[in-house]
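The primary structure of each chain is shown beneath.
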Amino acid sequence: MIEQYISEINRNLKFTANAIVEGFISGLHKSPYHGFSVEFSDHKAYSSGDSVSLIDWKLYSRTERYYIKRYEEETNVRTYFLLDCSQSMNYYSRDIKKIDYARLFTACLINLSLRQRDATGLVLFNDNIISSIPAKSKNIWLNQCLTTLEHINCQGETNIADTVFKFSENIKKRSLIVIITDFLDDIEKIQKTLNYLKFNRHHCILFQIIDQAEREFLFKDEADFIDLETGEVLKVSPWILRKEYLNRFDMFNQKLKKIIEQLDFEYCQINTNTPIINSLKLFLQNRNKMV
């Protein structure tokens, strides 16, 4: 299913993201997830003074009784999505590059955020800000964001700290900042960056996009491993390094998660074989903690 969605990206990102979000919202209405504020919540019997425009005529045709649709209160959170477009996001071990998954995921998040009537902005970055779209809540903003996502060209190294400091200089109001990256960066700099955002009263949701091979390191044959960001080549015997690699990988992620949770931010690690809808649920659950 994920491979099918990814294959559609270059053909029509808007259509694919919209189809996923429509399906996701339909699922919400049949589940215990509430709080998607401008979407349908429940019905109540029509009474004098209620707006006729809110009557559910389809329900009337089945019951011959008047009911009106009720909606949750709007929240209007100012939300910025920061997407890592460094060269390391081009990595893949099977059919799905990290950037392809992240791009589709980000497109769905922006679609969902604008439906929520959130003022929504988008920033693409590597070791600098590549592109920045200011936060607005108009639906026409979706087209500009998706056009930007369609033309991503991963290059350069990752520098989350410099990007966030430059980006946040122009943010005057408390905002929800969603960072989507593989976090292949210096952990001490990441910590200082998140402390800075916390000090300025922003809330963060951080999505770490990983490939299954990065987590399991199941390579068997001796091979040249190439650093996608620096071009450095290292000849490796994987069976010798696997245990040490996995220990370091887990230690890094555990430290990262601890730093994020101590700041009362949200941390979600997502594998590129995770269904997009599952990842959207994580976003909505964590977004509602800010409201």
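Quick caveat: nothing in here was measured; it's all calculated off a predicted structure.

### Considering the overall build of the protein
For the protein, the count of helices and strands is 9 helices and 10 strands. Sorting the 291 residues of the protein into buried and exposed places 47% on the buried side. Considering only contacts in the protein between residues 6 or more positions apart, those separated by 24 or more positions represent 74%. Total accessible area on the protein stands at roughly 15500 Å², and carbon and sulfur atoms take up 48% of it.

### A word on the layout of surface pockets
If you add up the space inside the largest pocket, you get close to 1200 Å³. In terms of lining, the largest pocket is formed by 34 residues, of which the most central are L184, E214, F225, D227 and Y245. Residue assignment for the lining of the largest pocket shows that the elements contributing at least two residues are β7 (203-210), α7 (212-216), β8 (223-226), β9 (233-236) and α8 (238-262). The element best represented in the lining of the largest pocket is α8, accounting for 8 residues. Grouping the constituent residues of the lining of the largest pocket by class yields 20 nonpolar, 3 polar and 11 charged.

### Digging into the pairing of strand β6 (residues 176-181)
Buried residues dominate β6, accounting for 6 of its 6 residues. Burial along β6 is two-sided: the face carrying L176, V178 and I180 and the face carrying I177, I179 and T181 are both buried. The pairing of β6 with β7 spans 6 bridges and is classified as parallel. Residue I179 lies in a different strand from β7, and its bridge partner there is L206. Remark: the β6/helix α6 (residues 187-199)/β7 crossover connection has right-handed handedness.

### Some thoughts on the side chain of T106
Position of T106 among the secondary structure elements: in helix α3 (residues 98-115). The exposure class assigned to T106 is buried, which follows from its relative accessible area of 0%. A polar contact of 2.7 Å, which involves the side chain of T106, links it to the backbone oxygen of A102.

### A closer look at the pairing of β8
As judged from the 4 bridges shared by β8 and β9, these two strands associate in the antiparallel manner. Its bridge partner lying in β9, A223 is registered against V236.

### Some remarks on the packing of aromatic side chains
Within a pair of aromatic rings, the relevant descriptors are the distance that separates the centres and the angle that separates the planes. Counted according to the given criterion, the structure contains 10 aromatic pairs. When the centroid spacing of 5.1 Å and the interplanar angle of 75 degrees are considered together, the rings of Y80 and F167 count as edge-to-face. With Y80 in strand β3 (residues 78-84) and F167 in helix α5 (residues 160-168), this pair connects stretches of sequence that are 87 residues apart. Summarising the burial analysis for this pair, Y80 and F167 share the class buried. Summarising the aromatic geometry, the rings of F165 and Y196 are spaced 4.8 Å apart at their centres and angled 70 degrees between planes, so their arrangement reads as edge-to-face. Taken as a pair, F165 in helix α5 and Y196 in helix α6 lie far apart in primary sequence, 31 residues in all.

### Comments concerning the nonpolar core
Membership of the largest hydrophobic core comes to 45 residues, with the highest contact counts inside it found for L83, L149, F207 and F283. Considering every element that reaches this core, the biggest residue donor is α3, with 11 residues. Excluding residues that lie within four positions of it along the chain, L83 makes contacts with I99, A102, R103, T106, V123, L124, F125, L149, I152 and I180. Counting residues in hydrophobic clusters, the runner-up holds 25 residues, among them L82, A119, V164 and C204.

### Structural notes on unusual backbone geometry
Among all residues except glycine, the phi angle is most often negative; among peptide bonds, the trans geometry is most common. A positive phi is found at R201, a non-glycine position, where the angle reads about 70 degrees. A positive phi angle is found at F217, which is not glycine, with a value near 50 degrees. Within the fold, F217 resides in the loop between α7 and β8. What makes F217 buried here is its relative accessible area of 6%.

### Details of a negative patch on the surface
Judged by side-chain charge, D127, E157, D162, D227 and E232 come together as a negatively charged surface patch. Following the sequence through the fold, D162 ends up in helix α5.

Conventions and cut-offs
- Residues numbered from 1 in each chain as written.
- Predicted model: local features only at pLDDT ≥ 70, side-chain atom pairs only at ≥ 80, totals over all residues.
- Heavy atoms only, no water.
- Helix = DSSP H or I, 4+ residues; strand = E, 2+ residues; numbered from the N terminus.
- Buried < 20%, exposed > 50% of the residue type's maximum accessible area, 1.4 Å probe, protein only.
- Contact = heavy atoms within 4.5 Å.
- Areas by Shrake-Rupley, 256 points an atom, 1.4 Å probe, with all protein chains shown as cover.
- 1 Å grid on protein atoms, 1.4 Å probe; cavity = no way out; pocket = protein on both sides within 12 Å on 5 of 7 lines; lining within 4 Å.
- Points joined across faces, edges and corners; volume = space filled by probe spheres on them.
- Nonpolar A, V, L, I, M, F, W, Y, C, P; charged D, E, K, R; others polar.
- Pairing = 2+ DSSP bridges.
- Right-handed = clockwise from strand over helix to strand, strands pointing away.
- Polar contact = N/O pair within 3.5 Å; in protein donor to acceptor, adjacent residues only side chain to side chain.
- Phe/Tyr/Trp six-rings, centres within 6.5 Å; stacked < 30°, edge-to-face > 60°.
- Core = buried A, V, L, I, M, F, W, Y, C linked by side-chain atoms within 4.5 Å.
- Patch = residues over 30% accessible without salt bridge, like charges linked within 9 Å, V, L, I, M, F, W, Y side chains within 5 Å.
- Salt bridge = Lys/Arg side-chain N within 4 Å of Asp/Glu carboxyl O.
- Lys, Arg positive; Asp, Glu negative; His and termini not counted.
- Charge placed at Lys NZ, Arg CZ, Asp CG, Glu CD.

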